[in-house]
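# Close look at the chain arrangement
Chain residues, written in single-letter form:
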Amino acid sequence: MTREVTPRAAESGAGATDVFRQSGKLQGEADIPPERVNLLAGELIKAANDIAEKHAVTYEEFNILKAWMIQVGEDGEWPLFLDVFLEHTIEDVNTRHREGTKGSIEGPYYVPNAPTLPSPATLPMRENEKGTPLIFTGSVKNTDGDALTDATVEIWLADDDGYYSQFAPNIPEWNLRGSVPVDSEGNFEIECIKPAPYQIPTDGATGKLIAAADWHAWRPAHLHIKVSAPGYELVTQQLYFPGDPHNDDDIANAVKPELLLDPQPNDQGGETVVYNYVLDAE
Ligand code: DHB
Ligand code: FE
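Attention in this report is confined to the structure presented alongside it.

Parameters at a glance
Residues numbered from 1 in each chain as written. Chains lettered and ligands numbered in written order. Predicted model: local features only at pLDDT ≥ 70, side-chain atom pairs only at ≥ 80, totals over all residues. Heavy atoms only, no water. Near = heavy atom within 4 Å. Polar contact = N/O pair within 3.5 Å; in protein donor to acceptor, adjacent residues only side chain to side chain. Helix = DSSP H or I, 4+ residues; strand = E, 2+ residues; numbered from the N terminus. Nonpolar A, V, L, I, M, F, W, Y, C, P; charged D, E, K, R; others polar. Buried < 20%, exposed > 50% of the residue type's maximum accessible area, 1.4 Å probe, protein only. Pairing = 2+ DSSP bridges. Donors = N, O, S within 2.8 Å, 3.2 Å for Na, K, Ca; no water.

What follows covers the site of ligand 1. Not every one of the 13 residues close to ligand 1 is listed here, only the nearest: Val-84, Tyr-164, Tyr-198, Arg-219 and His-224. Interatomic distance of 3.0 Å between a side-chain N/O atom of Tyr-198 and an oxygen atom of ligand 1. Within the side chain of His-222, one N or O atom sits 3.1 Å away from an oxygen atom of ligand 1. Those elements giving two or more residues to the shell around ligand 1 turn out to be α4 (78-85) and β8 (222-228). Grouping the constituent residues of the shell around ligand 1 by class yields 8 nonpolar, 4 polar and 1 charged.

Another point: the pairing of strand β4 (residues 177-181). By the criterion of burial, β4 is predominantly enclosed, with 4 of the 5 residues buried. Both strand β3 (residues 152-157) and β4 contribute to a ladder of 5 bridges, which runs antiparallel. For Ile-155, the partnering residue across the bridge sits in β4 and is Gly-178.

This part is about the coordination of the iron ion (ligand 2). Those protein atoms acting as donors to the iron ion (ligand 2) are Tyr-164 (OH), His-222 (NE2) and His-224 (NE2), and they sit at 2.0 to 2.1 Å. One chain supplies every donor to the iron ion (ligand 2), and in sequence these donors are spaced Y-x57-H-x1-H. Taken together, the residues span a long stretch of sequence, with Tyr-164 in the loop between β3 and β4 and His-224 in strand β8 at a distance of 60 residues. Note on Tyr-164: relative accessible area 2%, which makes it buried. His-224 sits in the buried class, given a relative accessible area of 3%.

Right, dumping it as structure tokens:
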């Protein structure tokens, strides 16, 4: 995949629009029944009207809203905006039946078909990749406690500057991305770095809103993971590190207590963290 990138953080948001278009997620858009569209669009429009009424929204504010929505589209930031401000609820209502491991939002920066690296794996990294070395290890089982030996752990993370490969300039294509089949016992071990806290791009329309509202743009440092196994529900997840000031104050509202890691110093000068997965049968 080739994508033109220029040295602006806002490109990260625009790149997410290209990836969404190519992702195949937009299937069956015409298949949502009219009653459901009526319900959802009707309630959304009513909520907006109720807010306008309650707060006596002015024409100046209404026109700024129009201009801003146009700009979000022109900046290619709808995936970014919706993943930050809405996906956490979509994720929650779609996974709350599960007994197994908790999920979290996918966010806009997942790219399928990362290089396959059998466990124990080292993710693609630049020479002298900045950041604390991290060994992420664990097991994949079902809710009966059986090891799932055909499971795959996909992982992607921001570098020590908070940038994702393929969405920011001058980073090798698959840097800090990989797809790791578990070993014959259902265990995995992945060497990478500890990701840095991530600031959602501030130079596009989403950033303008954040600044105009006097919010902050930070997400706590996180690993992104997808764990899959045939016959089991895919777990899409993020994992967080203790002590990050934004764990309690994530702009994307995607932290859950079950997703906090407990890394320990290891004798290679880095940290090791264990996280064991339990997948629900489909
Ligand atoms: C966004 C970025 C992330 O890395 C993430 O996990 C969720 C959302 C964003 O910029 O929208
Ligand atoms: Fe992220």
